[in-house]
Amino acid sequence: MEHSELLFKIDSHSPLPINVQIKEQIKWLIGKGLLKPGDTLPSTNQLANQLSINRNTIQGVYSQLKEEGLLLIQKGRGTQVASEEEITRFKTQSSYFPLIEQTIKEAYELGFNIENVLLSGFAYMQLFGQPLKRKMRYLFIECKVSSCTFYLDEIKRMTSAEVDTIDVSSLPEHILIESIQNADVIVTRSDLAEKVKKFADAAQKTVISVGSTNDVSLLLNMLRG
């Protein structure tokens, strides 16, 4: 589907550069499903004319989003939203979007200036960093063998990390996917590693197989860190 009539909104008085405004709006349109995989975006000339800005600004935005895997730029075919796989990965990584929507809605209902709230939040992060250091989350998948149990016990002994264990044989696939998305590191048996990895790769998570010497070394280094 072509989207030459997409209505982007820019504010020349905003502290955010215009290219950042456009780039983040495209991400939101993709995140909310208003732009779908394979959809065609306005040409650089069309969007530049619509927004009364230099076409090089649009070209730069499209190029950045191409590098991030969200857009495809092909000669003769224009600029399109990337494949279903890439967009699914992006949505997984951007699962905070609903939280942002809810926060903005609540701030608006309380009568706050939304832009001031967001800028204040950005300044807070610059000054103080993360308000709380989040605990690492380890997910052990079908780790009933002694080697798995050893590393499970070591993580509990050496760290304050959150540790979950699941048995995929009695679990619906969507629960497995959700559990992987919520974890930072996934640990499983070597014979299950390939099956787990296909879900973990989509969520860009690390999978450690206790049957691999290299992976076990990685796990121990994580614990020491």
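Provided above is the structure to which this section pertains.
Description of the structure in this document. (Residues numbered from 1 in each chain as written. Predicted model: local features only at pLDDT ≥ 70, side-chain atom pairs only at ≥ 80, totals over all residues. Heavy atoms only, no water.)

## Re the overall build of the chain
1) Next: A count of helices and strands for the chain gives ten helices and six strands.
2) Next: The buried share of the chain, reckoned over its 225 residues, is 34%.
3) Next: Residue pairs at least 24 apart in sequence account for 55% of intrachain contacts in the chain once pairs closer than 6 positions are excluded.
4) Next: Surface accessibility of the chain: about 14300 Å² in total, with carbon and sulfur atoms responsible for 52%. (Helix = DSSP H or I, 4+ residues; strand = E, 2+ residues; numbered from the N terminus. Buried < 20%, exposed > 50% of the residue type's maximum accessible area, 1.4 Å probe, protein only. Contact = heavy atoms within 4.5 Å. Areas by Shrake-Rupley, 256 points an atom, 1.4 Å probe, with all protein chains shown as cover.)

## Topic: helix 8 (residues 173-182)
1) Next: Regarding helix 8, the residues found buried are Leu-176, Ser-179 and Ile-180. One side of helix 8 carries all its buried residues, which in axial view fall inside an arc of 100°.
2) Next: On its buried face, helix 8 is in contact with strand 3 (137-141), strand 4 (162-166), strand 5 (185-188) and helix 9 (193-202). (Arc of directions from axis to C-beta.)

## Considerations on the nonpolar core
1) Next: The biggest cluster of nonpolar side chains holds 22 residues, and the ones touching the most others in it are Ile-22, Ile-26, Ile-30, Ile-58 and Tyr-62.
2) Next: Setting aside anything within four residues of it in sequence, one finds Ile-26 in contact with Phe-8, Leu-35, Leu-41, Val-61, Tyr-62 and Leu-65.
3) Next: Counting 13 residues, the second largest nonpolar core, distinct from the first, contains Ile-141, Leu-176, Ile-186 and Val-196. (Core = buried A, V, L, I, M, F, W, Y, C linked by side-chain atoms within 4.5 Å.)

## Some points on the sheet that holds strand 4
1) Next: Spatially, the four strands line up as an open sheet ordered 4-3-5-6, and their pairing is parallel. Either end of the sheet is taken by a strand with one partner, and the two such strands are strand 4 and strand 6 (206-209). The sheet shows a mean angle of 20° between the axes of neighbouring strands, taken without regard to direction.
2) Next: In the sheet, strand 3 pairs with strand 4 via five bridges, with the strands oriented parallel. Opposite Tyr-138, over in strand 4, you have Val-163 as the bridge partner.
3) Next: Here helix 8 sits on the sheet and contacts strand 3, strand 4 and strand 5; the angle it forms with strand 3, its principal contact strand, is near 145°. (Pairing = 2+ DSSP bridges. Axes fitted to C-alpha atoms, helices over the stretch in contact; angles between N-to-C directions.)

## What to know about helix 9
1) Next: Where helix 9 is concerned, the buried positions are Ala-193, Val-196, Phe-199 and Ala-200. Buried residues along helix 9 cover an arc of 135° about the axis, so they all sit on one side. In helix 9, the exposed positions that point more than 90 degrees away from the buried face belong to Glu-194 and Lys-198.
2) Next: Contact partners of the buried residues in helix 9: strand 3, helix 8, strand 5 and strand 6.

## Topic: the packing of aromatic side chains
Aromatic ring pairs are reported here in terms of the distance separating the ring centres and the angle at which the planes meet.
1) Next: Taken as a whole, this structure holds four aromatic pairs when the rule is applied.
2) Next: Here the aromatic rings of Tyr-96 and Phe-97 are separated by 5.3 Å at their centres, their planes lie at 70°, and the arrangement is edge-to-face.
3) Next: A relative accessible area of 9% means that Phe-97 is categorised as buried.
4) Next: Where Tyr-124 meets Phe-128, the ring centres are 5.0 Å apart and the plane angle is 50°; that geometry is what we call tilted. On the criterion of helical spacing, the pair formed by Tyr-124 and Phe-128 is a turn pair, its members being four residues apart in helix 6 (residues 114-128).
5) Next: A relative accessible area of 57% means that Phe-128 is categorised as exposed. (Phe/Tyr/Trp six-rings, centres within 6.5 Å; stacked < 30°, edge-to-face > 60°.)

## Regarding a nonpolar patch on the surface
1) Next: A cluster of nonpolar side chains, namely Tyr-96, Leu-99, Ile-100, Ile-104, Leu-110, Phe-112, Val-117 and Leu-118, defines an oily patch on the protein surface of about 750 Å² accessible area.
2) Next: Of all the elements in the fold, those that place two or more residues in the nonpolar patch are helix 5 (97-109) and helix 6.
3) Next: At three residues, helix 5 tops the list of elements feeding residues into the nonpolar patch.
4) Next: Structurally, the position occupied by Leu-99 is in helix 5.
5) Next: With relative accessibility at 58%, the residue Leu-99 sits in the exposed group. (Patch = residues over 30% accessible without salt bridge, like charges linked within 9 Å, V, L, I, M, F, W, Y side chains within 5 Å. Salt bridge = Lys/Arg side-chain N within 4 Å of Asp/Glu carboxyl O.)

## Looking at the environment of Leu-29
1) Next: Relative to the assigned elements, Leu-29 resides in helix 1 (residues 18-31).
2) Next: For Leu-29, a relative accessible area of 17% translates into the label buried.
3) Next: Distance in space between the C-alpha atoms of Leu-29 and Phe-8 is 9.9 Å, their sequence separation being 21 residues.

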